[in-house]
Amino acid sequence: MTDHETSSETSSETSAEDRKLVTLARATRARTRTAEGAAVRDADGRTYAAATVDLPSLQVSALGVCVAMAVASGATGLEAAVVLTEADALAETDLGALRDLGGAGVVVHRGDPRGTLVETATT
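Thresholds applied
- Residues numbered from 1 in each chain as written.
- Predicted model: local features only at pLDDT ≥ 70, side-chain atom pairs only at ≥ 80, totals over all residues.
- Heavy atoms only, no water.
- Salt bridge = Lys/Arg side-chain N within 4 Å of Asp/Glu carboxyl O.
- Buried < 20%, exposed > 50% of the residue type's maximum accessible area, 1.4 Å probe, protein only.
- Helix = DSSP H or I, 4+ residues; strand = E, 2+ residues; numbered from the N terminus.
- Pairing = 2+ DSSP bridges.
- Right-handed = clockwise from strand over helix to strand, strands pointing away.

Visitor: Help me out: how do you make sense of the pattern of salt bridges in this one?
Guide: Should their charged atoms come close, side chains of opposite charge can pair. Overall, the coordinates contain nine salt bridges when judged by the stated rule. For Arg99, the salt bridge identified is with Glu92, shortest N-O distance 3.8 Å. The exposure class of Glu92 is partly exposed, given its relative accessible area of 37%. Among the salt bridges present, the one from Arg114 reaches Asp112, with a minimum N-O distance of 2.8 Å. Judged by its relative accessible area of 14%, Asp112 falls in the buried class. Overlapping salt bridges, with partners in common, bring together Asp18, Arg41 and Glu79 in one network.

Visitor: Got a minute to help me understand the pairing of strand β2 (residues 37-42) in this structure?
Guide: Regular strands have side chains that alternate between both faces of the sheet. With respect to burial, β2 is a largely interior element, six of its six residues being buried. A two-sided burial pattern is seen for β2, the buried positions comprising Gly37, Ala39 and Arg41 on one face and Ala38, Val40 and Asp42 on the other. As paired strands, β2 and strand β3 (residues 47-51) are joined by five bridges and run antiparallel to one another. What sits directly across from Ala39, in β3, is Ala49.

Visitor: Sorry if this is basic, but what is going on with the pairing of strand β7 (residues 107-111) here?
Guide: Counting buried positions along β7 yields four of five residues, so the element is predominantly enclosed. Of the pairings in the sheet, the one linking strand β6 (residues 78-84) to β7 comprises five bridges and is parallel in character. In the strand pairing of β7, Val82 is matched with His109. In this fold, the crossover linking β6 to β7 by way of helix α3 (residues 92-102) has right-handed handedness. Summarising the sheet, β7 and strand β8 (residues 117-122) pair through five bridges and their orientation is antiparallel. Considered in β8, the bridge of His109 is made with Thr120.

Here it is in structure tokens:
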């Protein structure tokens, strides 16, 4: 991850609202058995959860689907995001999508598939 702040963060340091995003992302990933699960909270407090889309003619990351859902629902900003993945870092395209809708300062948590957060960043 570049051009943003990162830190390690334990569950006790994560807000209750962000822990809800972890729960949503984890449940979505488990239900769909996909590579990633993600959830975002928009500026109005609405949440969106999604899984990776990997079809022959369409590939979208879980975070990309969440951002698209927020945009399609009329969101004007984002507060926070969670991505549960086996990847060692978030894709720059995902971070770019968060910045496009949320601007600077969106909290982004990356965790493992079990929901253990391993990194926190801001856009």
